[in-house]
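Observations on chain architecture
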Amino acid sequence: MKLGLVLEGGAHRTVFSCGVMDALLDAGIRADYVIGSSAGITYGISYVSGQKGRNREMLRRYAGDIRYAGLLHWLNPWNRSYYNVRFLFDTIPNKLLPYDYAALEAFEGEVLAAVTNVHTGRAEYLPVTAEDRKWKVLQATCSLPLMFHPVTVDGVLYADGGIADSVPFEKALEDGCDKLIAVLTRVRDYHKEAESVMNFAASLQKRKHPEYAKTMLEWHEKYNESMDKLRELEQAGVVYCIVPEDTLGVGRTDKRIDPLMSLYAQGYALTMQQMPALRSYLTQSPTEKK
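Since this is a predicted model, take the numbers as computed values, not measurements.

About the criteria used
- Residues numbered from 1 in each chain as written.
- Predicted model: local features only at pLDDT ≥ 70, side-chain atom pairs only at ≥ 80, totals over all residues.
- Heavy atoms only, no water.
- Core = buried A, V, L, I, M, F, W, Y, C linked by side-chain atoms within 4.5 Å.
- Buried < 20%, exposed > 50% of the residue type's maximum accessible area, 1.4 Å probe, protein only.
- Helix = DSSP H or I, 4+ residues; strand = E, 2+ residues; numbered from the N terminus.
- Contact = heavy atoms within 4.5 Å.
- Pairing = 2+ DSSP bridges.
- Salt bridge = Lys/Arg side-chain N within 4 Å of Asp/Glu carboxyl O.
- Phe/Tyr/Trp six-rings, centres within 6.5 Å; stacked < 30°, edge-to-face > 60°.

1. Observations regarding the nonpolar core
By size, the foremost hydrophobic cluster in this structure holds 96 residues, and its most contacted members are Leu5 and Tyr68. Looking at which element gives the most residues to this core, the answer is helix α1 (residues 15-26), with seven residues. Non-local contacts of Leu5, meaning those with residues more than four positions away in its chain, are made with Met21, Leu24, Ala31, Tyr33, Val34, Ile35, Tyr47, Leu180, Ile181 and Val183.

2. Some words on the pairing of strand β7 (residues 179-183)
Within β7, five of the five residues are buried, which leaves the element mostly enclosed by the surrounding structure. In β7, alternate side chains face the same way, and those of Lys179, Ile181 and Val183 on one face and Leu180 and Ala182 on the other are all buried. By the bridge criterion, four bridges tie β7 to strand β8 (residues 239-242) in an arrangement that is parallel. Bridge assignment links Val183 to a residue of β8, and that residue is Ile242.

3. Description of the pattern of salt bridges
Considering all chains together, one arrives at 15 salt bridges under this definition. Among the salt bridges present, the one from Glu57 reaches Arg60, with a minimum N-O distance of 2.5 Å. Residue Glu57 and its partner Arg60 are located together in helix α3 (residues 54-62), separated by three residues, close to a single helical turn. The closest approach of N and O atoms between Arg61 and Glu57, which form a salt bridge, is 2.8 Å. Taken together, the positions of Arg61 and Glu57, both in helix α3 and four residues apart, correspond to about one turn of that helix. Connected through salt bridges with shared partners, the residues Glu57, Arg60 and Arg61 form a single ionic network.

4. Some remarks on the packing of aromatic side chains
According to the stated counting rule, one finds nine aromatic pairs in the structure shown. With centroids separated by 5.3 Å and ring planes inclined at 85°, the aromatic side chains of Tyr99 and Tyr101 adopt a geometry described as edge-to-face. On the numbers, 5.3 Å between centres and 85° between planes, the contact of Tyr99 with Trp135 is edge-to-face. Taken together, the residues Tyr99 in the loop between α5 (85-96) and α6 (101-106) and Trp135 in the loop between β4 (123-127) and α7 (136-141) connect sequence positions 36 residues apart.

In short, shape yes, function no, at least from these values alone.
See below:
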């Protein structure tokens, strides 16, 4: 059996997924294949390395830290992003909360980040490796328009993976996963609407990168279509979804520690409550699927 873990992004709202992943680690459930977009896979690498609690501690310590994020960083000509790129992708993992690169290197499965090719507007899936100590691939998948600048990886310009493929479950199935756990960061009845900010970002890219601009404008429609298909697969017993009951008002850039920790706790508790159903799904043979 090849078990896949698919992680939706959502910036700080992804703290829910951190609770889910820590519960999976405590339950001894380790995926062979981990894929996600944006913050989903960025936090997911701590699950791959088995560093339970690392994501929670990072947000608890640094989400409200002026070094972490803020408009001053966007105005910095050497950064030009709302988040402090060097602090997030170098100082924290290499100094303050050391990442276990050896565990990632020893991981025998696949770790992939969904990214959006700025030239084509299409989703691509790049490997996340221990050799990338500045986490360029993770920087790319997190590069939400207006909050980050696109990032060049191997000569290609990439932006936030969630724009082209928010929850890359289809890629996981194509790559041969027999079982799939999908962790979402929106409630079940969430319906994505067009965002004025995204429309503005698309207008800035329309002339130079028309396909990328088109993908941004269609983001909400493709997201809703994708969620409809995921729900069908869940009902058919193909995918097991773990979904927040309430996001507690936590937004993308929320710095309030108490709501963040509460959303983390919800993810952990909900996963533990569902553990019997999850284990039943994992041990069920394909012919037993409803």
